[in-house]
Amino acid sequence: MALLYCTPNELRLTWLTQLSTDVDPSLALVCEAASRYVDRWTNRARGFYTTTGDEALTLDGPRSESRSYDPGIDIAALTTLELAEDTESATSGTYTTISTGDWFLRPVSGSFGRPLGWPASHVVLAEDYTGTYSNSSQQFMNFMPGENTVRLTGRFGWNTTTAATTNFPQEIRVVAAEIATRLFRTREAGFNDQVNVTDLGAVNLPRTLSPWAREVLDTYRR
């Protein structure tokens, strides 16, 4: 099941203190909706969590030959990179495992790359291979275009399996709770976004995101 970035208990303790546990089923729904809203806004296909074990993904290659490959999904950790020379090879199940010294995750983790704790966004092949391969190594100096030409084994998404950890971006927990609270309260305020503001008349304000929450989510947008 997808990870919740806020929980009914957290909402009742901090945001909706007047509520009892009787409403927890309804709060669970808005917590789920808020968490998946965060995933969509930030364009993170696997969200801010990962699996406990490795999984294998077979993916289409880039549009043209390239040393750098963006799989369109965050990489928490990569164990194995396998490449097919072309779509025809992939169809026959012929993949070559690339030695770990011949590929790198990027941006590099640290002060001048991605922030500590953040996942990598793409894989880069080395300019000069150290490994030897049964096929011509020249075929594997680039990621090849075509269907299913790349196979990745590892953990994907954000490098944590729970929101209650320092690896999880704590701002996201607060944003998710704020969104969930706003969603729950729409039943009291109706579904009209029109709010009256003194001296300005009637203006339209979105109920889902505050300016602060929008700024946080934009910071984490992939």
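Computed from a predicted structure; not experimentally measured. (Residues numbered from 1 in each chain as written. Predicted model: local features only at pLDDT ≥ 70, side-chain atom pairs only at ≥ 80, totals over all residues. Heavy atoms only, no water.)

Points about the overall build of the protein chain
Next up, step 1: On a plain count of helices and strands, the protein chain comes out with 5 helices and 9 strands.
Next up, step 2: Counted from the first residue to the last, the protein chain has its helices and strands arranged as α-α-β-β-β-α-β-β-β-β-α-β-β-α.
Next up, step 3: Within the protein chain, buried positions represent 41% of all 222 residues.
Next up, step 4: Expressed as a percentage of contacts within the protein chain between residues at least 6 apart in sequence, the contacts between residues at least 24 apart total 73%.
Next up, step 5: For the protein chain, the exposed area adds up to about 12000 Å²; of that, 49% sits on carbon and sulfur atoms. (Helix = DSSP H or I, 4+ residues; strand = E, 2+ residues; numbered from the N terminus. Buried < 20%, exposed > 50% of the residue type's maximum accessible area, 1.4 Å probe, protein only. Contact = heavy atoms within 4.5 Å. Areas by Shrake-Rupley, 256 points an atom, 1.4 Å probe, with all protein chains shown as cover.)

Re the confidence of the model for the protein chain
Next up, step 1: In this model, the protein chain carries a mean pLDDT of 88, and residues with pLDDT of at least 70 account for 88%.
Next up, step 2: Element-level pLDDT for the protein chain is lowest in strand S9 (residues 201-204), with a mean of 50, against a maximum mean of 98 in strand S7 (residues 150-156). (pLDDT = per-residue confidence, 0-100.)

What about the packing of helix H2 (residues 24-42) against helix H5 (residues 211-219)?
Next up, step 1: H5 packs onto H2 with a crossing angle of 55° between their chain directions and a minimal axis gap of 8 Å. Relative to H5, H2 is oriented oblique. Crossing of H2 against H5: the hand is right-handed. Here Val-38, Trp-41 and Thr-42 of H2 come into contact with H5, specifically with Arg-214, Leu-217 and Asp-218.
Next up, step 2: When its residues are assigned to classes, the contact of H2 with H5 shows 3 nonpolar, 1 polar and 2 charged. (Axes fitted to C-alpha atoms, helices over the stretch in contact; angles between N-to-C directions. Parallel < 35°, antiparallel > 145°, perpendicular 65-115°, else oblique. Left-handed = near helix turned anticlockwise from the far one by under 90°. Nonpolar A, V, L, I, M, F, W, Y, C, P; charged D, E, K, R; others polar.)

Focus: the sheet that holds strand S4 (residues 96-98)
Next up, step 1: What the 4 strands build is an open sheet, ordered S1-S7-S3-S4; its pairing is antiparallel. Edge positions in the sheet fall to strand S1 (55-59) and S4, since each of these pairs with one other strand and no more. Within this sheet the neighbouring strands show an average axis-to-axis angle of 35°, counted without direction. (Pairing = 2+ DSSP bridges.)

Some remarks on the sheet that holds strand S6 (residues 122-125)
Next up, step 1: Taking strand neighbours across the sheet as the criterion, the 3 strands line up as S2-S6-S5 in an open arrangement whose pairing is antiparallel. Bordering the open sheet on either side are strand S2 (68-69) and strand S5 (103-106), each of which pairs with just one other strand.
Next up, step 2: Direction of pairing for S2 relative to S6: antiparallel, over a ladder of 2 bridges. When the sheet's bridge partners are listed, Tyr-69 is paired in S6 with Val-123.

Things to note about helix H1 (residues 8-15)
Next up, step 1: For H1, every residue scored as buried is listed here: Pro-8, Leu-11 and Arg-12. Buried positions in H1, seen along its axis, are confined to an arc of 95° and lie on one side of it. Away from its buried face by more than 90 degrees, H1 exposes Leu-13 and Thr-14. (Arc of directions from axis to C-beta.)

So, the packing of aromatic side chains
Next up, step 1: Applying the stated rule across the entire model yields 10 aromatic pairs.
Next up, step 2: Considering the side-chain rings of Trp-118 and Trp-158, the 5.1 Å spacing of their centres and the 55° angle between planes classify their relative orientation as tilted. Of the two residues, Trp-118 is situated in the loop between S5 and S6 and Trp-158 in the loop between S7 and helix H4 (170-189); the sequence distance between them amounts to 40 residues.
Next up, step 3: Residue Trp-158 is classed as buried on the basis of its relative accessible area of 1%. (Phe/Tyr/Trp six-rings, centres within 6.5 Å; stacked < 30°, edge-to-face > 60°.)

Comments concerning the side chain of Asp-102
Next up, step 1: Mapping Asp-102 onto the fold places it in the loop between S4 and S5.
Next up, step 2: The charged side chain of Asp-102 is buried without a salt bridge, its nearest counter-charge being Arg-67 at 10 Å. (Lys, Arg positive; Asp, Glu negative; His and termini not counted. Salt bridge = Lys/Arg side-chain N within 4 Å of Asp/Glu carboxyl O.)

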